[in-house]
Amino acid sequence: MYQKKFYTLTQSILLATVLSSSLITSACSAESSNTPILSNQSPPTEIYKLGLAYYEGDSVPEDDDKAFELFQKAANQGYVPAKHYLGIMYYERLGVDQNYQKAFEWIEQAANQGYANAQFDLGVIYHEGIAVEQDEIKKLEWFQQAANQGYTDAQFNLGIMYHESIGIEQDYQKAMQWYLLAANNGSFDAQNNIGNFYENGYGVTQDYDKAFEWYTKAADQGLDVAQLNIGGLYENGYGVPQDYDKAFEWYKKAAEQGNQEASNRIGRLVMNDKIDDTGITIYSTQETGLTLGYIEDSLRN
């Protein structure tokens, strides 16, 4: 499962999460790359590790069928991470026919045994209404349990829920609390949203210096929307000297990652004669429907 990225400056935040390979990856990031050798007395932890090796193609050929078989053996012995993986495999139709009900049952078992990854995924299932009735209250409860164990994605999503009043009363202070926890755990999306809070004074005293600081943390990790936001600070002279060339530099970084709003802003800088447009031909302006090549031609005529 993973969350689509949520950004507060350029678009409305919508909580829309789906199961996919990115959370599957996160579940196994700390596992050893050494393939274990099993015996008849092998504990479920070793069975699970071998299943993970087959799942990832690590030291053995990738084989979802074998991975599923081994996860099943480990899960039947009560090993909680294997239960979570079985749920993912049923959901994703990996090594087994797709079965959302069984996916829910295995993930629920792991969640009830305190496994934070599964608790978050169970919240996602309740949000999506897959195999169960959609239930925003249960979603919140499971996100809360995962977040309280330090699960970063859950912390970030709770911040979004409080920020955007998604199934809960809007509360900027609580949103900031969860964003800070997620940001300190390395979430650059949360770092960007904290910058947005400081830029706009959401639940905090407006502070462009802090906004710049938090945007930079996220931008340094390559987050395009944070690069866009820094460009906005330079374009408007918020907390920094107004500098259209620096605004362009940051917009260009975001635009090169496919950020359409950054492309639009570059187009406006060109049309308003704020920057030298020599050589700028690769961006489009959604608002005008023109490429900058056309804009340059019109400026010459």
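Here the residue index of a chain counts from 1 through its sequence in written order. Only residues with pLDDT of at least 70 get local features here, since the model is predicted, and only at 80 or more are side-chain atom pairs given and counted; chain-wide, interface and lining totals rely on the full set of residues. With hydrogens and water excluded, all non-hydrogen atoms of the structure serve as input to the side-chain values.

Let's talk about the nonpolar core
Turning to step 1, where the next piece is worked out: Counting residues in each nonpolar core, the largest one holds 50 residues, and the members touching the most others are Phe 120, Leu 158, Met 161, Tyr 179, Ile 194 and Tyr 251.
Turning to step 2, where the next piece is worked out: In terms of nonpolar packing, the next biggest core, distinct from the first, is built from 25 residues, Ile 47, Tyr 55, Phe 68 and Tyr 90 among them. In plain words, nonpolar cores are sets of buried Ala, Val, Leu, Ile, Met, Phe, Trp, Tyr and Cys residues tied together by side-chain atoms within 4.5 Å. Burial here depends on accessible area, computed with a 1.4 Å probe over protein chains only, as a share of the maximum for the residue type. Under 20% is buried, over 50% is exposed, and the range in between is partly exposed.

Brief notes about the environment of Ala 190
Turning to step 1, where the next piece is worked out: Counting from the N terminus, the helices are the DSSP runs of H or I reaching at least four residues and the strands are the DSSP runs of E reaching at least two. Positionally, Ala 190 belongs in helix α10 (residues 188-200).
Turning to step 2, where the next piece is worked out: Sequence separation between Ala 190 and Gly 159 is 31 residues; the distance between their C-alpha atoms is 8.2 Å.
Turning to step 3, where the next piece is worked out: Two residues form a contact once any of their heavy atoms are found within 4.5 Å. Excluding its chain neighbours within four sequence positions, the residues that come into contact with Ala 190 are Phe 156, Tyr 179, Ala 182 and Ala 183.

A closer look at the pattern of salt bridges
Turning to step 1, where the next piece is worked out: Basic side-chain nitrogens of Lys or Arg form a salt bridge, by our definition, when they fall within 4 Å of a carboxyl oxygen of Asp or Glu. Going through the model one piece at a time under the given rule, you end up with 6 salt bridges.
Turning to step 2, where the next piece is worked out: Ionic pairing is found between Arg 268 and Glu 261, a salt bridge with its closest N-O pair at 3.5 Å.
Turning to step 3, where the next piece is worked out: Among the residues examined, Glu 261 registers a relative accessible area of 25% and is labelled partly exposed.
Turning to step 4, where the next piece is worked out: Each of the salt bridges in this network shares a partner with another, and the network as a whole consists of Glu 261, Arg 265 and Arg 268.

Concerning helix α11 (residues 208-219)
Turning to step 1, where the next piece is worked out: The terminal C-alpha atoms of α11 lie 16 Å apart, and with 12 residues this matches the ideal 16 Å at 1.5 Å per residue to within 8%.
Turning to step 2, where the next piece is worked out: Inspection of α11 places Ala 211, Trp 214, Tyr 215, Thr 216, Ala 218 and Ala 219 among the buried residues, and these make up the whole buried set.
Turning to step 3, where the next piece is worked out: Contacts made by the buried residues of α11 are with α9 (172-184), α10, α12 (224-236) and α13 (244-255).
Turning to step 4, where the next piece is worked out: Polar contacts, as used here, are pairs of N or O atoms within 3.5 Å; protein pairs need one atom able to donate a hydrogen and one able to accept it. Residues neighboring in sequence count only if both atoms are side-chain atoms. The N-cap residue of α11 is Asp 207: its side-chain oxygen and the backbone nitrogen of Asp 209 are 3.1 Å apart. Multiplying 1.5 Å by the residue count of a helix minus one yields the expected span of that helix.

Description of the side chain of Lys 83
Turning to step 1, where the next piece is worked out: Looking at where Lys 83 falls in the secondary structure, it is placed in helix α4 (residues 80-92).
Turning to step 2, where the next piece is worked out: Charged-residue counts in this description rest on Lys and Arg as positive and Asp and Glu as negative, His and the chain ends being excluded. One buried charged residue, Lys 83, forms no salt bridge at all, with the nearest opposite charge on Glu 108 at 11 Å.
Turning to step 3, where the next piece is worked out: In this structure the side chain of Lys 83 is engaged in a polar contact, spanning 2.6 Å, whose partner is the side chain of Gln 113.
Turning to step 4, where the next piece is worked out: The contacts of Lys 83, once residues within four sequence positions are left out, are Ala 75, Gly 78, Trp 106, Ile 107, Gln 109, Ala 110 and Gln 113.

Focus: the side chain of Asn 229
Turning to step 1, where the next piece is worked out: Tracing the backbone shows Asn 229 in helix α12.
Turning to step 2, where the next piece is worked out: Engagement of the side chain of Asn 229 in a polar contact is seen with the side chain of Asn 192, the distance being 2.8 Å.

Looking at the confidence of the model for the protein
Turning to step 1, where the next piece is worked out: Per-residue pLDDT for the protein averages 84, and the proportion of residues at 70 or more is 79%.
Turning to step 2, where the next piece is worked out: Within the model, pLDDT remains below 50 along residues 1-33, and this stretch shows 99 contacts once partners closer than five positions in the same chain are excluded.
Turning to step 3, where the next piece is worked out: Along the chain, pLDDT gives the predictor's confidence residue by residue, from 0 to 100. Scored below 50 in pLDDT, residues 287-291 shows 8 contacts in the model against residues more than four places distant or in partner chains.

Brief notes about helix α5 (residues 100-112)
Turning to step 1, where the next piece is worked out: If you check α5, its first and last C-alpha atoms are 18 Å apart, about what 13 residues at 1.5 Å a residue would give, namely 18 Å.
Turning to step 2, where the next piece is worked out: Of all the positions in α5, only Ala 103, Phe 104, Trp 106, Ile 107, Ala 110 and Ala 111 are classed as buried.
Turning to step 3, where the next piece is worked out: On its buried face, α5 is in contact with α3 (64-76), α4, α6 (116-128) and α7 (136-148).
Turning to step 4, where the next piece is worked out: Taking the backbone nitrogen of Gln 101 as reference, a side-chain oxygen 3.1 Å away marks Asn 99 as the first, capping residue of α5.
Turning to step 5, where the next piece is worked out: Directly after α5, the chain includes Gly 114, whose backbone phi takes a positive value near 90°.

Quick notes on the packing of aromatic side chains
Turning to step 1, where the next piece is worked out: Pairs were defined over the aromatic rings of Phe, Tyr and Trp, the Trp ring being its six-membered one, requiring ring centres within 6.5 Å. Orientation was assigned from the angle between planes: stacked under 30 degrees, edge-to-face over 60, tilted for the rest. Counted according to the given criterion, the structure contains 18 aromatic pairs.
Turning to step 2, where the next piece is worked out: Here the aromatic rings of Phe 104 and Tyr 126 are separated by 5.9 Å at their centres, their planes lie at 90°, and the arrangement is edge-to-face. A residue pair is termed long-range when its members are at least 10 positions apart, and Phe 104 in helix α5 and Tyr 126 in helix α6 qualify at 22 residues.
Turning to step 3, where the next piece is worked out: Judged by relative accessible area, Tyr 126 falls into the buried class, the value being 7%.
Turning to step 4, where the next piece is worked out: Judged by centre distance (4.9 Å) and plane angle (10°), the ring pair of Tyr 208 and Tyr 238 falls under stacked. With Tyr 208 in helix α11 and Tyr 238 in the loop between α12 and α13, this residue pair connects regions lying 30 residues apart in the sequence.
Turning to step 5, where the next piece is worked out: The partly exposed category is assigned to Tyr 238, whose relative accessible area is 32%.
Turning to step 6, where the next piece is worked out: Here the aromatic residues Tyr 48, Tyr 55, Phe 71, Tyr 79 and Tyr 85 are joined through ring pairs into a cluster of three or more.

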